[in-house]
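Each chain, written out:
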Amino acid sequence: MCDLSADCSNDGTCQLVLQNEHTGIKTTEYYCKAHLVLRVWEVEDDDELHVVNATKLWR
Ligand SMILES: [Zn+2]
């Protein structure tokens, strides 16, 4: 399961927890290992969001 692309069939599921600096709302997204890296880059460019936690899930 990968939130970036429904067609993604990469191995390795990672859980990414993000927090909005303004609202304080946390969201959890799931990505494969490769797309997690892309998403983290995106978040680092976003002033409102920051990464709370990124965890690799073994399943
Ligand atoms: Zn993916």
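In what follows, the structure referred to is the one given above.
As the structure is a prediction and not an experimental result, all values here were calculated from the model.

Q: Just checking my understanding: could you explain the sheet that holds strand β1 (residues 13-20) for this structure?
A: To summarise the sheet geometry, strands pair through backbone hydrogen bonds and adopt either a parallel or an antiparallel arrangement. Strand order in the open sheet made by the 3 strands is β2-β1-β3, with antiparallel pairing throughout. Two strands in the sheet have a free side with no partner beyond their single neighbour: β2 (26-32) and β3 (49-57). Neighbour-to-neighbour, the strand axes of this sheet turn through a mean angle of 25°, independent of strand direction. Strand direction decides the pairing type here: β1 and β3, joined by 8 bridges, are antiparallel. Following the sheet pairing, leucine 16 is matched in β3 by alanine 54. Strand contacts of helix α1 (residues 33-45): β1, β2 and β3, with the helix running at about 140° to β2, the strand carrying the most contacts.

Definitions and cut-offs
- Residues numbered from 1 in each chain as written.
- Predicted model: local features only at pLDDT ≥ 70, side-chain atom pairs only at ≥ 80, totals over all residues.
- Pairing = 2+ DSSP bridges.
- Helix = DSSP H or I, 4+ residues; strand = E, 2+ residues; numbered from the N terminus.
- Axes fitted to C-alpha atoms, helices over the stretch in contact; angles between N-to-C directions.
- Contact = placed C-beta atoms within 7 Å.

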